[in-house]
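Structural features, examined
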Amino acid sequence: MRLLLFGARGKVGSVLAPKLAEAGHDVREIRRGDSFEPAGHDAAVDFTRPDAVRANVETCLGAGVPCVVGTTGLGDDALADLDALARERSVQCFVAPNFALGAVVMMRLAAEAAHSLQRAEIVEMHHETKVDAPSGTAKATAALLPGEVPIHSVRLPGLVAHQEVLFGAPGQLLTIRHDTISREAFVPGVLLALERLHELPAGVTVGLDRLLGR
Ligand code: NAP
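All figures in this text were calculated on a predicted structure; none of them were measured in a lab.

Our next topic: the site of the ligand. Neighbouring residues of the ligand: 23 residues in total, closest Lys11, Val12, Arg32, Thr72 and Phe99. Between the ligand and Ala96, the relevant distance is 2.9 Å, taken from a nitrogen atom to a main-chain nitrogen or oxygen of the residue. For the ligand, a nitrogen atom lies 3.2 Å from a polar atom in the backbone of Pro97. Here the ligand has 920 Å² of accessible area as a free molecule, and 80% of this is covered by the chains. Here the residues of the shell around the ligand sort into 8 nonpolar, 8 polar and 7 charged.

Pasting the structure below:
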């Protein structure tokens, strides 16, 4: 595919760009401030910042170019606006708060555990330069669990992306934990999203779970 990659010099983008090329994609790297013309590209991938992603994606969808969005921090209103634009242009926009396949399994296991253990809290831990808190993954996990689930955010050097879902009951504690040790963890999920993008309905689709069978 001919791809636009927004954020190619970032922590995720710099790992993703060579892997996309290795997989046979023709990648045009877009840095902050670069002018770009979406027409003629098969898809765009965005791993930038919460304050940049919306404009990039709006420009691409407006030009009829489908998008794969990894940038977190897009609120419900922004997602609803992007959904309306994508439907109007009959184009797909896939958004995932976490492209690591293991994180999807963690969320599924947490939803399963909640059937038996009702009291849960989430601890999400990320590198100190992550802009948004709580993380998109923590919010997506909480949305799968009943009631209001408290989320605790830790930002420290040395961390990449880690999450624990703790279930407490009298006399016992169940911990479900996922660790992203390197950003290579996000590559297979992005490749899968690109492969399946054209099968999705027009509009916004959220979550890698939607692309995976049971
Ligand atoms: P990062 O290291 O800060 O990289 C972001 C990159 O985007 C920087 O190189 C930045 O350039 C560039 N950028 C900013 N505005 C831009 C624009 N308008 N057009 C093109 N590039 C622009 O951040 P990261 O750790 O790679 O993470 C990027 C995003 O992905 C964050 O929102 C993070 O939470 C999210 N993320 C998602 C997943 C997932 O699985 N969904 C996984 C990891 C991270 P400057 O430095 O010049 O500003």
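Turning next to the pattern of salt bridges. The final tally for this structure, using the stated rule, is 12 salt bridges. Of the charged contacts, one joins Lys130 and Asp132 as a salt bridge, the two residues approaching to 3.2 Å between their closest N and O atoms. Of the residues examined, Lys130 reaches a relative accessible area of 16% and is grouped as buried. A relative accessible area of 13% means that Asp132 is categorised as buried.

A word on the sheet that holds strand E9 (residues 172-180). In spatial order, the strands read E7-E6-E8-E9; together these 4 strands make up an open sheet with mixed pairing. What marks the edges here is a single partner per strand, and that holds for strand E7 (151-155) and E9. The sheet shows a mean angle of 15° between the axes of neighbouring strands, direction not considered. Pairing geometry for strand E8 (residues 161-169) and E9, over 9 bridges, is antiparallel.

Let us look at the packing of aromatic side chains. Summed over the entire model, instances satisfying the criterion amount to 3 aromatic pairs. Centroid distance Phe6 to Phe36: 4.9 Å. Interplanar angle 75°. Geometry classified as edge-to-face. In this pair, Phe6 sits in strand E1 (residues 2-6) while Phe36 sits in the loop between strand E2 (26-30) and strand E3 (43-46), placing the two residues 30 residues apart along the sequence. Between Phe47 and Phe99, the ring centres sit 5.9 Å apart and the planes meet at 55°, which makes this aromatic pair tilted.

The rules we used
Residues numbered from 1 in each chain as written. Predicted model: local features only at pLDDT ≥ 70, side-chain atom pairs only at ≥ 80, totals over all residues. Heavy atoms only, no water. Near = heavy atom within 4 Å. Polar contact = N/O pair within 3.5 Å; in protein donor to acceptor, adjacent residues only side chain to side chain. Areas by Shrake-Rupley, 256 points an atom, 1.4 Å probe, with all protein chains shown as cover. Nonpolar A, V, L, I, M, F, W, Y, C, P; charged D, E, K, R; others polar. Salt bridge = Lys/Arg side-chain N within 4 Å of Asp/Glu carboxyl O. Buried < 20%, exposed > 50% of the residue type's maximum accessible area, 1.4 Å probe, protein only. Pairing = 2+ DSSP bridges. Helix = DSSP H or I, 4+ residues; strand = E, 2+ residues; numbered from the N terminus. Axes fitted to C-alpha atoms, helices over the stretch in contact; angles between N-to-C directions. Phe/Tyr/Trp six-rings, centres within 6.5 Å; stacked < 30°, edge-to-face > 60°.

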